[in-house]
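Report on the structure
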Amino acid sequence: MAALLVSPTLLVLTIVVLYPTILALRDSLYGTAGLDPKTGFVSKTEPFVGLSNYADIFGEAGSRFWNAFWNTSFFTVTTVTLETVIGVAMALIMHKAFKGRALVRASILIPWAIPTAISAILWRWIFNSNGVANKIIGEQVLWTTEGFQSQVAVIIAEVWKTAPFIGLLVLAGLQVIPKEVYEAAKIDGATALRQFWNITLPLVKPALLVAVLFRTLDALRMFELPYVLIGAKKASVETLSMLAQDEASNVRFGPAAAYAVVLFIYVFLIALAFVRLLGTDLVRDDGTPTPKRRRRWLTRRRTEVSA
């Protein structure tokens, strides 16, 4: 019965995830159709090249790949960190009871509802040479050209759009915290900062970790925002997704598939490390501790008894 109930979900995942992944792995083992250097004839079929595409990624095309890799990692770490801090602050504001709270909540969530491409066009106007950003800082900065300023533009636009997502999930976690916990803390003389650090943050940790995980995986696949805001083939903002798209648009489907597979492995390893290191699997679905956590508790208990 369990397998029967889960089968529709497994079927969808197979069609949407597993089948495209297998096709990408297959395509990454083939080269580009065209002139065969061995025979001198033009071939209309893609030749089988084995792992040659992967060797080229870390060899001939290594400089461009590593640049895109570091750009992707830099954007992910920077944006997710800023989004977490700002998102938690947004959640705390939206959780407070005050007049006009519904309007504030709607205003905060509007950026998340705007499509990424539309958001990128909006920020492109803002970062125009004669746009609002330069009027505010009083300098003529070319935000959409090569350089560190283009990275700053992408980070600002990305944080503005996706910080409300983390705020929304953290808000859901805040709303299930009993008010009696804070009342007891106030009676004990706990300050607002101590309440946040010892009560709010630990209790919203599950929701916060889920939000950070989702945002991390989404940021690693960043494509639309830098592509529309800054443009294609800009070394300062080119990500792995943009690199794979550029190869595919030039009818080099084998190398494009290889880049996509490398990105898939990178995202998978980050997700696996995130779950393992942050301990999001320490509690089972039924609330009982896992064997690892149980062993830690027993060891700590023995130490306390012996002391």
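These lines cover the structure that appears in this document, whether it is placed above or below. Remember, predicted model here, so these are calculated numbers, not experimental data.

Examining the overall build of the protein chain
- Each helix and strand counted, the protein chain has 14 helices and two strands in total.
- Among the 307 residues that make up the protein chain, the fraction classed as buried is 34%.
- Per element, the accessible surface of the protein chain, about 18,800 Å² overall, is 68% carbon and sulfur.

Topic: a nonpolar patch on the surface
- Taken together, the side chains of Met1, Leu4, Leu5, Val6, Leu10, Leu11, Val12, Leu13, Ile15, Val16 and Val17 define a hydrophobic patch exposed on the protein surface, amounting to about 1,100 Å² of accessible area.
- When you line up the elements, Val16 lands in helix H1 (residues 2-27).

Quick look at helix H9 (residues 192-203)
- Its 12 residues place the ends of H9 15 Å apart at the C-alpha level, agreeing with the 16 Å of an ideal helix rising 1.5 Å per residue.
- The set of residues buried in H9 consists of Gln195, Ile199 and Thr200. One face of H9 carries all of its buried residues, which in axial projection span an arc of 85°. Relative to its buried face, H9 has exposed residues pointing more than 90 degrees away, namely Leu193, Arg194 and Trp197.
- Elements that come into contact with the buried residues of H9 comprise helix H3 (62-95), helix H7 (148-174) and helix H8 (179-187).

Considering the environment of Thr79
- Mapped onto the secondary structure, Thr79 falls in helix H3.
- We classify Thr79 as buried; its relative accessible area is 0%.
- In the structure, Thr79 is positioned 136 residues away from Arg215 in sequence and 9.0 Å away in space, judged by C-alpha atoms.
- Beyond its immediate stretch of four places on either side in the chain, Thr79 contacts Ile155, Glu158, Val159 and Ala219.

As for the packing of helix H4 (residues 101-113) against H7
- With their axes 6 Å apart at the nearest point, H4 and H7 run at an angle of 125° to one another. Considered as vectors, H4 and H7 are oriented oblique to each other. As for how H4 packs across H7, the hand of that crossing is left-handed. Packed against H4, whose contacting residues are Arg105, Ile108, Leu109, Pro111 and Trp112, the element H7 presents Trp160, Lys161, Thr162, Pro164, Phe165, Leu168 and Leu171 at the interface.

Focus on the nonpolar core
- The biggest cluster of nonpolar side chains holds 60 residues, and the ones touching the most others in it are Phe127, Val154, Val170, Leu229 and Leu240.
- Here the element with the most residues in this core is H7; it accounts for 11 residues.
- Ignoring any residue separated from it by four or fewer positions in sequence, one finds Val170 in contact with Val88, Ala91, Val204 and Leu208.

With respect to the side chain of Thr162
- The topology assignment puts Thr162 in helix H7.
- Only 2.7 Å separates the side chain of Thr162 from the backbone oxygen of Glu158, close enough to count as a polar contact.
- When neighbours within four sequence positions are excluded, Thr162 is seen to be in contact with Glu83, Trp112 and Arg215.

Overview of the pattern of salt bridges
- Tallied over the entire structure, the rule returns 10 salt bridges.
- One salt bridge connects Asp246 with Arg64, and the closest N-O pair in it is separated by 2.8 Å. One end of the pair, Asp246, is in helix H12 (residues 240-249); the other, Arg64, is in helix H3, with 182 residues separating them in the sequence.
- Across the pair Glu247 and Arg252 runs a salt bridge whose closest N-O atoms are separated by 2.7 Å.
- Assessed through its relative accessible area of 8%, Glu247 is described here as buried.
- Residue class for Arg252 comes out partly exposed when judged on its relative accessible area of 31%.

Things to note about unusual backbone geometry
- A positive phi is found at Lys233, a non-glycine position, where the angle reads about 55°.
- Note that Lys233 resides in the loop between helix H11 (224-229) and H12.
- In this structure, Val251 is a non-glycine residue whose phi angle is positive, near 60°.
- Relative to the helices and strands, Val251 is located in the loop between H12 and helix H13 (253-278).

About the thresholds
Every chain begins its residue count from 1, and numbering advances along the sequence as written. Confidence filtering applies because this is a predicted model: local features only for residues at pLDDT of at least 70, side-chain atom pairs given and counted only at 80 or more, and all residues used for totals across whole chains, interfaces and linings. Where side-chain values are given, they derive from all heavy atoms of the structure, hydrogens and water being excluded. In this description a helix means any DSSP run of H or I spanning at least four residues, a strand means any run of E spanning at least two, and both kinds are numbered starting from the N terminus. Buried means the residue's accessible area, taken with a 1.4 Å probe over protein chains only, is under 20% of the maximum for its type, while exposed means over 50%, and partly exposed covers the values in between. Surface accessibility follows the Shrake-Rupley procedure with a 1.4 Å probe radius. Residue values consider only the protein chains on display as shielding. Surface patches are drawn from residues lacking salt bridges whose relative accessible area is over 30%; two like charges belong together within 9 Å, two nonpolar side chains (Val, Leu, Ile, Met, Phe, Trp, Tyr) within 5 Å. Here, a salt bridge means any side-chain nitrogen of Lys or Arg that lies within 4 Å of a carboxyl oxygen of Asp or Glu. Every helix has an expected span of 1.5 Å times one less than the residues it contains. In this description, the arc belongs to the directions extending from the helix axis to the C-beta atoms. Only heavy atoms enter the contact rule, under which two residues are in contact if any of them lie within 4.5 Å. Only the contacting stretch of a helix is used when fitting its axis, a line to C-alpha atoms as for every element, and angles between N-to-C directions run 0 to 180 degrees. The cut-offs work like this: below 35 degrees is roughly parallel, past 145 is roughly antiparallel, 65 to 115 is roughly perpendicular, and the gaps in between are oblique. Here is the rule for handedness: rotate from the far helix to the near one, and if that takes an anticlockwise turn smaller than a right angle the crossing is left-handed, while a clockwise turn gives right-handed. What makes a nonpolar core is a set of buried Ala, Val, Leu, Ile, Met, Phe, Trp, Tyr and Cys residues whose side-chain atoms join them at distances within 4.5 Å. For this analysis, a polar contact is any N or O atom pair within 3.5 Å, provided that within protein one partner can donate a hydrogen and the other can accept it, and provided that sequence-adjacent residues contribute only side-chain to side-chain pairs.

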